[in-house]
Each structure stands twice: as C-alpha cells, then as structure tokens.
Amino acid sequence: MHKIDLGLVEMTMDVMKYAIDRISATEREIGKPIKAEELKNLVGETITNKGIGGENAFNLWKKHLANANVQIDHPRHLAFVPASPTRAAIMFDLVTSASSIHGAYWMEGAGGIFCENEAMKWIVSLTGLPKGAFGVFTSGGTAANLSALVTAREHFREKEENRGKKGLIIASIGAHSSVKAMAKVIDVDILLVDSEESLHQSELEETIASLSLEQRNRLFAVVATGGTTNAGIIDDLNGIAAVCKQQNLWFHVDAAYGGGALVADSVRHLFNGIEQADSITIDPHKWMFSPYDCGAVLYKDMQLAKNAHSQQGSYLDIFKDEGAHGFNPTDYQIQLTRRVRGLPLWFSLAMHGTDRYKEAVERGLELAQIAGKMIEEHPNLELVREPSLSCVLYRRKGWKPEDYTHWTYENHKKGFALVTPTKYKLGNTYETVSRFCFINPDTTEKDIEQILKTME
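Residues numbered from 1 in each chain as written. Predicted model: local features only at pLDDT ≥ 70, side-chain atom pairs only at ≥ 80, totals over all residues. Heavy atoms only, no water.

Undergrad: I would appreciate a short explanation of a nonpolar patch on the surface in the present structure.
TA: Taken together, the side chains of Ile4, Leu6, Leu8, Val9 and Met13 make up a nonpolar region of the molecular surface, amounting to roughly 540 Å² of accessible area. Inspection of the secondary structure assignment puts Val9 in helix α1 (residues 6-24). Classification of Val9 as partly exposed rests on a relative accessible area of 42%. (Patch = residues over 30% accessible without salt bridge, like charges linked within 9 Å, V, L, I, M, F, W, Y side chains within 5 Å. Areas by Shrake-Rupley, 256 points an atom, 1.4 Å probe, with all protein chains shown as cover. Salt bridge = Lys/Arg side-chain N within 4 Å of Asp/Glu carboxyl O. Helix = DSSP H or I, 4+ residues; strand = E, 2+ residues; numbered from the N terminus. Buried < 20%, exposed > 50% of the residue type's maximum accessible area, 1.4 Å probe, protein only.)

This is the structure:
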C-alpha cells in the first residue's frame, strides 16, 4: 500500500479534481448531520480485511458522507465562531499534508518552521508586544490557553514557597469555556467575576481585595478576554494590565476569536493594553482565514515558556546538538509531535498581502453593523446589546427558548442557514437570544435579510 501504481495515480487525480471543485465552487449546500445508523445503512462496512478499494470508498464519501458535515465556510453559517479559510490557504493545506513535515524541531522541519515564523512575526507585530516576544502555532485556542497557563503556573512555582501550593486564577464568566476547562487540567482553582460585560480594572481590584490571605497567596494569573465568544466583548486590557503589574500577576489575554481584529484600523484601539500581556492566544483558523486547525500562543518572555515546556529524553538529545540548532516549536507549547499548521497561513499571507486581510476583517465588522441596523428597523426584532466586533445578539419579541431552538433546526434542515441561540446574562437572569457571528467576507446583506425574514 506504499507502492506507486496506476491505481494510485488515478486516485490522486480524482482527489485533486474533488479539491479543485470544492475550492472553486461558488454555490454549495450548507450540509447537515445524519444519524450514525442512517449513515451505516447508506455506506455499509467500509473497514474490511481486504479493503473496498479507493474508488468505491471515495464515491461513498462524495455521495453520502461529505454532505453529512456542515460547511463551516458557508456564507450563511453564522453560528458559534465560523471559519472562512482563503482558497490559497486551503490549497497549501494540501501541500502541507503532502510534504509530510515533522514540525517539532528545526533539524527535521527547518523550511516549514521558517515559513511559520514569518507568519508569526506578522501576528506578533499586530499585538505591539516588546522586542523578544514571539510565539508558536498550536492546534487551537484550547491548546494555546493550556500552554500559556502551564507556563504561568510553572513561573509561579519557581519560588520555593509556592511549590506546594494549588494555584488560583481569576477570569470573568464571559471567558471562553476552555479557560475554565484548562484550570481543571493544570489543577488550579478559578474564580469567575460575575460579569458578562467587559471586565474592568475596578471589578478586578474589588475581587482581589475580597480574597482571603490564603487565596491571595495562591493567586498567580488573570485571564482577560480580547473578544468574548458569546458577544465579542473586549475586557479593559489597560486596566487589567495595571493591576497585574502592581500585584505581580501573570497577565494572559485570550483573543482566540477577537485577535484577528487587531489588523483592523477601525477597532485596533479597543485592544490597547494587549501589548502588556505576558501571553496571548489567537486562533488563525478563526479571523485570520486559515484552515482547521490552527491556533497560536504568544509570549512576552519566550524563555519562561521554554522552561515550562521543553521536553527531555535521550532520543531527543540530538535536537540539542550544535548541528541541529534552530527554533524548536515544541519547546514552547504542550505538543511534541506537531504538523506545521502555520504553513497555509504563511502561503496565503505571501500570496495576498496583509492589506487584503485587513479588508476582509473590516468586512466582518461592517456586516455586524449592517445586521444591527436591520434588526433595529425590524418590527418584531430588537438588539440585546450593540454589536461588538462581529457578534450581534438579538431577540425575537415574544419568543421562548424552545422557539429559538425550533427555528434553528428548521432553517438548518432546509439547508438554508445555521444560526444558533445562546444565553446572555441580563441582570440576575440568563435570557435565550439569537446570535450572529460574521467571519466570512462572502456573506451578503441579502443573506442577513433572508435569515431575519424567517423570524417574522
């Protein structure tokens, strides 16, 4: 199965034709899930002793399996935080896989890592982090947040009096679910400030002041958010940075979703203070138009990350040898084995230039404002809050939670759109509302208008 024959060549051509058709298509079905039992009935046994043949397996994929997935880059996919990889990035994702590069160490992946680092320089430049700051690509925001918080925890434990302590971090209830999950993974406690709006300096100061002496001695990090997933809200980064500096706390900014907006002149000022962070999470597979999966973690002091993550083993000694010297991404995040997932971003940036990225992000911001105005003018709809970044929260007057759920499934079942509800805290209660998140610059005003029309 590792030999080259005519069948393999023909299969390669079929795969390339499929990829070309997918990349160049302008009209696509959005796709929807199908129950496993139904899929099994459609395709039968695919894993057998003798194999079913490449042509047969590929036809099953094209006929039955491909459309059982949601097309995450469909222009009417406005749920969660969608993705819209450039066609250039998708093409080079094929090259990345075909090149079979191990991207952990410079010795094996120098060319690929060089390209990743060129893209990373651009990302770091957007943040304004000081000289010496840098980062690495990860599998997504969860891995980036985990890598950053492990670094923060290990830095905290460098002091002998902290080695036996269970650490404590502070975030807001608007922080991404991965922040709360990663606190469990690294076995630290997390204290959530009860505000889904922007976390301000005064709230953080009050929270720290309310801690017991034992809690204060365990506190080592604050996680701020640069664009909440739920509503696109940006915390008071300057104010939080000031508190962290005064209290000697690690300042991490989770900008997995919102970080792409750093390139947009219209909103860049909202991120002032991010340049003071000790670590930052940004997901290029969100608003930097890369394919899944591609996250990034940035550090002000790379040595602290290396201290926390560099792995040791006799089989790894060669990578420390002078003949293998170079930048080793594995030293700065949780993974040892890694693909060079930053390569598609590098190629797309090299092909299109950064100005095109700025235009595409600004379009997402513009679409949110357009949707906000449409909602304000609609007799049965109203905004829950003003649009923030590319997120829009709105309600259908008179609807109950089950109405939103039914509406979501009806539109998705028809293959028309995927827009899902969320919950937003207003006062002391959580209200079920509808939510748009605009990433894809191919989304049109007509798309928005048609979706809102289904709520009448």
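Undergrad: Honestly, the pattern of salt bridges in this entry has me stumped. Any pointers?
TA: Any two side chains of opposite charge can pair, given that their charged atoms come close. Taken as a whole and assessed by the stated rule, the structure comprises 24 salt bridges. One salt bridge in this structure joins Glu45 and Lys40, with 3.4 Å as the shortest N-O distance. Its relative accessible area of 52% is what places Glu45 among the exposed residues. A single network of salt bridges, built from pairs that share partners, joins Lys166, Asp187, Asp189, Glu214 and Arg218.

Undergrad: Hey, could you run me through the sheet that holds strand β5 (residues 250-254) in this one?
TA: What links the strands of a sheet is backbone hydrogen bonding, and the strands pair in either a parallel or an antiparallel sense. One open sheet holds the seven strands; their spatial order is β1-β7-β6-β5-β4-β2-β3, and the pairing between them is mixed. The outermost strands of the open sheet, each flanked by one partner alone, are β1 (134-138) and β3 (189-193). Ignoring which end each strand starts from, the neighbouring axes of this sheet average 20° apart. Across five bridges, strand β2 (residues 168-172) lies against β3 in parallel orientation. Across the sheet, Ser172 pairs through a bridge with Val193, a residue of β3. This element, helix α12 (residues 302-309), spans β1, β5 and β7 (295-299) of the sheet and lies at about 115° to β7. (Pairing = 2+ DSSP bridges. Axes fitted to C-alpha atoms, helices over the stretch in contact; angles between N-to-C directions. Contact = heavy atoms within 4.5 Å.)

Undergrad: Even after reading the chapter, I still don't get the sheet that holds strand β9 (residues 391-396), so can you show me in this structure?
TA: An order of β8-β9-β11-β10 is seen for the four strands of this open sheet, with the pairing classed as antiparallel. In the strand order of this sheet, the two ends are held by β8 (381-383) and β10 (421-426), each with one partner. Across the sheet, the mean angle separating the axes of adjacent strands is 50° when strand polarity is ignored. Bridge count for β9 against strand β11 (residues 429-437) is four bridges, and the pairing is antiparallel. Its bridge partner being in β11, Val392 is matched across the sheet by Phe436. On the sheet, helix α15 (residues 401-413) packs against β9, β10 and β11 and is oriented at approximately 25° with respect to β11.

Undergrad: So what exactly am I meant to see when it comes to a negative patch on the surface here?
TA: Where like charges cluster on the molecular surface, the negative patch consists of Asp5, Glu10, Asp14 and Glu55. Tracing the chain through its elements places Asp14 in helix α1. (Lys, Arg positive; Asp, Glu negative; His and termini not counted. Charge placed at Lys NZ, Arg CZ, Asp CG, Glu CD.)

Undergrad: Honestly, the pairing of strand β4 (residues 219-225) in this entry has me stumped. Any pointers?
TA: Look at any regular strand and the pattern is simple: side chains alternate between the two faces of the sheet. Burial analysis of β4 places seven of its seven residues in the buried class, the great majority of the element. As judged from the three bridges shared by β2 and β4, these two strands associate in the parallel manner. Note that in β4 the partner of Ile169 across the bridge is Ala221. Summarising the sheet, β4 and β5 pair through five bridges and their orientation is parallel. Residue pairing across strands places Ala224 opposite Val253, the latter belonging to β5. Taken together, β4, helix α10 (residues 237-247) and β5 form a β-α-β motif whose crossover is right-handed. (Right-handed = clockwise from strand over helix to strand, strands pointing away.)

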